[in-house]
Amino acid sequence: MLIRLKQRLEYVRDLAEYAAAKAFIGNKVSTEIQEYRYAICQDCPFLYKPTDNCKKCGCLMKIKTFMPRQSCPIGKWAEVED
């Protein structure tokens, strides 16, 4: 139960960061990087495809893959330096 709460809080944080990234165009990765990251997620056994949520971190991967300071919880892709 505590793990699920932590995942939800991280998800809310990720949504807030994504909203900020959308408001400030320079604060998100390029479409090419996002597509590369998301393609990796699509082949991952931890992706719950009906909702695009990661079973490890609970994040919505369509959003998380756009955020430069985010990384895969099992190390399949890393954060992007500014």
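Values in this document were obtained by computation on a predicted structure and should not be read as measured data.

Caption draft 1: Representation of the overall build of the protein in the model. Secondary structure assignment for the protein yields 3 helices and 2 strands. Going residue by residue from the N terminus, the α and β elements of the protein occur as α-α-β-β-α. Within the protein, the fraction of its 82 residues that count as buried is 35%. The contacts of the protein with a sequence gap of at least 6 include a subset with a gap of at least 24, amounting to 53%. Approximately 5,500 Å² of the protein is accessible, and the part contributed by carbon and sulfur atoms is 60%.

Caption draft 2: Expanded view of the side chain of Asp-52. With respect to the helices and strands, Asp-52 occurs in the loop between strand S1 (47-48) and strand S2 (53-54). Buried within the structure, Asp-52 lacks any salt-bridge partner; Lys-62 is the closest side chain of opposite charge, at an N-O distance of 5.4 Å.

Caption draft 3: Region of the structure containing unusual backbone geometry. Positive phi values are uncommon outside glycine, yet Asp-52 reaches one of about 65°. In this structure Asp-52 comes out as buried when scored by relative accessible area, which is 15%.

Caption draft 4: Highlighting the environment of Gln-70. One can find Gln-70 in the segment after helix H3 (61-64). In sequence terms Gln-70 and Asp-14 are 56 residues apart; their C-alpha atoms lie 8.8 Å from each other.

Caption draft 5: Structural view of the confidence of the model for the protein. Here the protein averages 84 in pLDDT, while 84% of its residues score no lower than 70. By mean pLDDT, helix H1 (residues 2-23) is the weakest element of the protein at 70, and helix H2 (residues 31-42) is the strongest at 96.

What counts, and at which threshold
The numbering scheme is per chain: residues are counted from 1 as the chain's sequence reads. Per-residue local features of the predicted model are confined to residues with pLDDT of at least 70, and side-chain atom pairs are confined, for both listing and counting, to 80 or more; whole-chain, interface and lining totals are unaffected and use all residues. As a rule here, side-chain values come from all non-hydrogen atoms in the structure, and water together with hydrogens is ignored. By the criteria applied, helices consist of DSSP H or I runs no shorter than four residues and strands consist of E runs no shorter than two, each listed in order from the N terminus. Using a 1.4 Å probe on the protein chains alone, a residue whose accessible area is under 20% of its type maximum counts as buried, one over 50% counts as exposed, and one in between counts as partly exposed. Contacts were defined at the residue level, with two residues in contact if any of their heavy atoms lie within 4.5 Å. Working definition of accessibility: Shrake-Rupley area with a 1.4 Å probe, residue cover restricted to the visible protein chains. Residues counted as positive are Lys and Arg, residues counted as negative are Asp and Glu, and His and the chain ends are not counted. Salt-bridge detection follows one rule: a side-chain nitrogen of Lys or Arg within 4 Å of a carboxyl oxygen of Asp or Glu. The predictor rates its confidence in each residue with pLDDT, a number between 0 and 100.

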